Amino acid sequence: MNQTMISTGFAPDSALAGRDLLLDEGWVHQRLAERLGLNGPFDIEACTRVRAKYRIGESLRATYRLDTPTSTQLVTARMFTAPATAAGAYTKARGSAVPVPRLHPVLLDRPYDTVWWALPNDRRLRNAAALLAPESEAATAVIQLPLASALPGWSRSHIAEYSAERCLTLRATDRADTTLGYVKLFAPGVHVQALARRYEQVARTLPCPRVLYVGRDLFIQEPLPGLTLAQIEPDQEEAALGELGRVIARLHSMDGMDGMEGVAATPAFRRLEVERVVHSVELVALARPDVAPLTRHLARRLRPGPPAGQAPVLLHGDCHPKNALVHGSGVALIDLDQAGIGPAAADLASM
């Protein structure tokens, strides 16, 4: 097989020798076209990497969108550091794999210690297949009450957002493709009940989708009108950004520490703590030795930490143009999953 590939610019990683191959769209296109099909070569018109997460010396996870003549398929690979670990993950996944038309639902790529999952199969998410087929008995069992009660008219599911091993967001529609709500399925370990209460509490004060149903590992939210800030026309951006600033300021003014049950359970926002930021800078230096002097200079500048005297506030935690819906002159906040208590400047820096 031709292994000519793009250069990632990363330093070699002896624990993940095939890393650069797995990040190369051309190589993955050819590899999956040859191996993913159940009955011979699989016709892939385009192969696009949509997400990747790399831990130096530990693992690489990459999600690809495969466009075929008749459909689109999401697949995720995880590269392990040892053949036995990859084989064990494959054996475990194969035992509960859901069939996927024309494809291997789970595939072990032995030479690269890599396992591939074809959605709705996922290393950690469960019940995705049932939710993608809302008219099935399995879906009703997952929701734990008749779907006619949870989301009347729900007959189709469309993938809105997918973060492998973490969260799957589905747009639920009726037969006329009218959006009825959004279903968010989480991996084990997420405190779904507390997260849903947080949305409910914020929605009492700010434009934010209400929660319609809460289950063990999922919840359903109402749809809100509008386009994301990333989708609006350029001449609307200034006014929309101003309104977003006002909404975020109101969020920051909410009593997140002790005033409301749902928000009180919100954890501290730790992603931008000094120790973690400096550690991230050191990782960049390790992966990219060519820029190590610059990154270490930056680490020295960051070590003193932020200016003192900033009172912690309730943060959105993932403030960016795709998480703000613009409708008329108003802006609504979506995706509060990473909300936390921390300095207000964290949301500004995120934006």
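Just above, that's the structure.
Quantities reported herein were computed from a predicted structural model and do not represent experimental measurements.

A word on the packing of aromatic side chains
Within this structure, the stated rule accounts for five aromatic pairs. Seen in terms of ring centroids, W27 and Y112 are 5.1 Å apart; in terms of plane orientation they differ by 85 degrees. Their pairing is edge-to-face. Of this pair, W27 sits in helix α2 (residues 25-35) while Y112 sits in the loop between β4 (106-109) and β5 (114-118), and the two are 85 residues apart along the sequence. Under the relative-accessibility criterion, W27 is labelled buried at 3%. Residue classification places Y112 among the buried positions, given a relative accessible area of 15%. Taking the centre distance of 5.4 Å and the plane angle of 45 degrees together, the rings of F186 and F219 count as tilted. Placement of the pair is F186 in strand β8 (residues 179-186) and F219 in strand β10 (residues 218-221), with a sequence separation of 33 residues. Its relative accessible area of 0% is what places F219 among the buried residues. Feature note: the residues F186, Y199 and F219 constitute an aromatic cluster, connected by ring pairs.

Focus on the sheet that holds β4
What the five strands build is an open sheet, ordered β1-β2-β3-β5-β4; its pairing is antiparallel. The open sheet is flanked by β1 (46-55) and β4, the only strands paired with a single partner. Across the sheet, the axes of successive neighbouring strands diverge by a mean angle of 20 degrees, strand direction being ignored. Of the strands in this sheet, β1, β2 (59-67), β3 (72-79), β4 and β5 touch α2, which is tilted by about 110 degrees from β1.

Section: the nonpolar core
The biggest cluster of nonpolar side chains holds 27 residues, and the ones touching the most others in it are Y199, V202, F219, L229, L244, L251 and L333. Listing elements by their share of this core, those giving two or more residues are α7 (192-203), α8 (237-253), β13 (324-327) and β14 (330-333). Those residues in contact with Y199, other than ones at most four positions away along the chain, are K184, C208, P209, V211, F219, Q221, D335, L336 and D337. Grouped together as the second largest cluster of nonpolar side chains are 25 residues, L16, W27, V28 and Y64 included.

Quick word on the pattern of salt bridges
Using the criterion set out here, one finds 17 salt bridges in the structure. For E165, the salt bridge identified is with R61, shortest N-O distance 3.6 Å. With E165 in the loop between β6 (156-163) and β7 (167-173) and R61 in strand β2, this pair connects stretches of sequence that are 104 residues apart. The partner of D290 in a salt bridge is R288, with the nearest N and O atoms 2.7 Å apart. Under the relative-accessibility criterion, R288 is labelled partly exposed at 28%. By sharing partners, the salt bridges in this structure join R61, R78, R123 and E165 into a single network.

Looking at the pairing of β10
Here β10 shows no split at all, with L218 and I220 on one side and F219 and Q221 on the other all buried. Note: β8 against β10, four bridges, orientation antiparallel. In the sheet register, Y182 faces β10, and the bridge partner there is Q221. For strand β9 (residues 211-214) and β10, the ladder comprises three bridges, and the chain directions are antiparallel. Residue V211 lies in a different strand from β10, and its bridge partner there is Q221. Counting the residues in the hairpin turn of β9 and β10 gives three residues.

Description of the packing of helix α10 (residues 274-287) against helix α11 (residues 292-302)
Packed helices, taken two at a time, are described by the angle between their axes plus the distance between the axes. Across the interface, α10 lies against α11 with an axial gap of 8 Å and an inter-helix angle of 170 degrees. With respect to α11, the element α10 is oriented roughly antiparallel. For the pair α10 and α11, the contacting residues are V274, V277, V278, V281, E282, V284 and A285 in the first and A292, T295, R296, L298, A299 and L302 in the second. When its residues are assigned to classes, the contact of α10 with α11 shows ten nonpolar, one polar and two charged.

Remarks on the sheet that holds β9
The sheet built from five strands is open, its strands ordered β6-β7-β8-β10-β9 with antiparallel pairing. This sheet does not close on itself; its edge strands, each paired only once, are β6 and β9. Averaged over neighbouring strand pairs, the angle between their axes works out to 20 degrees when direction is ignored.

Quick notes on the pairing of β3
Counting buried positions along β3 yields seven of eight residues, so the element is predominantly enclosed. Between β2 and β3, which pair antiparallel and follow one another directly, the connecting turn spans four residues. Bridge count for β3 against β5 is five bridges, and the pairing is antiparallel. Paired with V75 across the bridge in β5 is A118.

Reading guide: rules and limits
Residues numbered from 1 in each chain as written. Predicted model: local features only at pLDDT ≥ 70, side-chain atom pairs only at ≥ 80, totals over all residues. Heavy atoms only, no water. Phe/Tyr/Trp six-rings, centres within 6.5 Å; stacked < 30°, edge-to-face > 60°. Helix = DSSP H or I, 4+ residues; strand = E, 2+ residues; numbered from the N terminus. Buried < 20%, exposed > 50% of the residue type's maximum accessible area, 1.4 Å probe, protein only. Pairing = 2+ DSSP bridges. Axes fitted to C-alpha atoms, helices over the stretch in contact; angles between N-to-C directions. Contact = heavy atoms within 4.5 Å. Core = buried A, V, L, I, M, F, W, Y, C linked by side-chain atoms within 4.5 Å. Salt bridge = Lys/Arg side-chain N within 4 Å of Asp/Glu carboxyl O. Parallel < 35°, antiparallel > 145°, perpendicular 65-115°, else oblique. Nonpolar A, V, L, I, M, F, W, Y, C, P; charged D, E, K, R; others polar.

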